[in-house]
Structures are given as C-alpha cells and as structure tokens.
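Residues per chain, in single letters:
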Amino acid sequence: MRLGASYHVTQFYKLLFEKIPMVDEKDRDQARVFADRSSLYREFLQEREEILKHKWLESEKAGRDIGFERALLDWIRNHRDRWKASRRAGQTEVPTSQS
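Here we summarise the structure given alongside this text.

Reading the values: rules and limits
- Residues numbered from 1 in each chain as written.
- Predicted model: local features only at pLDDT ≥ 70, side-chain atom pairs only at ≥ 80, totals over all residues.
- Heavy atoms only, no water.
- Helix = DSSP H or I, 4+ residues; strand = E, 2+ residues; numbered from the N terminus.
- Contact = heavy atoms within 4.5 Å.
- Areas by Shrake-Rupley, 256 points an atom, 1.4 Å probe, with all protein chains shown as cover.
- Polar contact = N/O pair within 3.5 Å; in protein donor to acceptor, adjacent residues only side chain to side chain.
- Salt bridge = Lys/Arg side-chain N within 4 Å of Asp/Glu carboxyl O.
- Buried < 20%, exposed > 50% of the residue type's maximum accessible area, 1.4 Å probe, protein only.
- Axes fitted to C-alpha atoms, helices over the stretch in contact; angles between N-to-C directions.
- Parallel < 35°, antiparallel > 145°, perpendicular 65-115°, else oblique.
- Nonpolar A, V, L, I, M, F, W, Y, C, P; charged D, E, K, R; others polar.

**Describing the overall build of the protein chain**
Part 1: Along the protein chain, the regular secondary structure elements total 5 helices and 0 strands.
Part 2: Counting only contacts in the protein chain whose residues sit at least 6 apart along the sequence, the fraction spanning at least 24 positions is 47%.
Part 3: For the protein chain, the accessible surface area stands at approximately 7500 Å², while carbon and sulfur atoms represent 55% of it.

Printed below as a string of structure tokens:
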C-alpha cells in the first residue's frame with residue numbers, strides 16, 4: 001500500500017512532538033496548537049496541495065502516475081514562482097498546469 005504525502009507529514013510532526021522535551025502533556029499540546037497556527041506550516045500545507053493537484057493533472061495527461069518527485073520538480077520549475085507571487089498579491093488559487 002502506498003501512503004500519501006499527508007500521511008508522511010503527519011507522521012513527521014507526530015515524531016517531532018514526541019521527541020520535544022516537555023515538562024508535561026499540556027506543553028506538548030500547546031506545541032501542537034502552535035504548529036497548527038503557524039503561518040509557515042500552513043504555507044507548506046497549501047503548497048503541498050498545489051503539488052498534489054499538479055501531480056494528478058500531469059498524471060492524467062501522461063496516462064500514468066508520474067510520481068511525487070517528478071511532479072514536485074516540475075511544479076517548482078514551472079509554477080512555484082507564479083504561485084508564490086499570486087499569494088503575495090492576495091489571490092488564493094492559481095492554475096498549476098497549462099491546458
């Protein structure tokens with residue numbers, strides 16, 4: 001069974017929070033809330049969603065799964081700068097693939 005990127009990110013943060021030396025569970029819960037509210041983490045999640053959309057679109061065009069790594073590299077080379085610029089300009093969604 002192949003696991004999605006969101007599973008790996010979730011596991012990464014789960015392991016990270018388990019390793020953080022905390023006085024008690026309340027501190028660990030506060031760290032989780034901070035990560036959920038972190039603008040950097042939210043930006044990462046939004047960028048990941050765009051990459052996954054791009055992977056799906058390009059896989060459909062190719063007639064096969066192109067894989068996450070190829071989709072990631074292609075998206076970074078061809079779409080990331082425009083996506084980031086549009087976010088800075090206040091837009092929420094930019095098409096990631098040309099038709």
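**Re the side chain of Ser59**
Part 1: As for its position among the elements, Ser59 is in helix 3 (residues 39-62).
Part 2: Of note is the side chain of Ser59, whose polar atom sits 2.8 Å from the backbone oxygen of Lys55.
Part 3: With residues near it in sequence (within four places) discarded, Ser59 still touches Arg64, Asp65 and Ile66.

**Here we look at the side chain of His79**
Part 1: If you trace the backbone, His79 turns up in the loop between helix 4 (68-78) and helix 5 (80-88).
Part 2: Looking at His79, its side chain comes within polar contact range of the side chain of Arg82, at 3.1 Å.

**Topic: the pattern of salt bridges**
Part 1: One pass over the structure, following the stated rule, counts 7 salt bridges.
Part 2: Notably, a salt bridge pairs Glu43 with Arg87, separated by 3.1 Å at the nearest N-O pair. One end of the pair, Glu43, is in helix 3; the other, Arg87, is in helix 5, and 44 residues separate them in sequence.
Part 3: For Arg87, a relative accessible area of 24% puts it in the partly exposed group.
Part 4: In this structure, the salt-bridge partner of Lys55 is Asp65, at a minimum N-O distance of 2.8 Å. Note that Lys55 is positioned in helix 3 and Asp65 in the loop between helix 3 and helix 4, a separation of 10 residues in sequence.
Part 5: Classification of Lys55 by relative accessible area gives buried; the value is 18%.
Part 6: The structure contains a network of salt bridges with shared partners spanning Glu43, Lys84 and Arg87.

**Comments concerning the packing of helix 3 against helix 4**
Part 1: Running from N to C, helix 3 and helix 4 cross one another at 110 degrees; their axes reach a closest spacing of 9 Å. On the basis of the axis angle, helix 3 is roughly perpendicular to helix 4. Every residue of helix 4 that contacts helix 3 at Glu47, Glu50, Ile51, Leu52, His54, Lys55 and Glu58 is listed here: Phe68, Ala71, Leu72, Asp74 and Trp75.
Part 2: Considering only residue class, the contact of helix 3 with helix 4 consists of 6 nonpolar, 1 polar and 5 charged.

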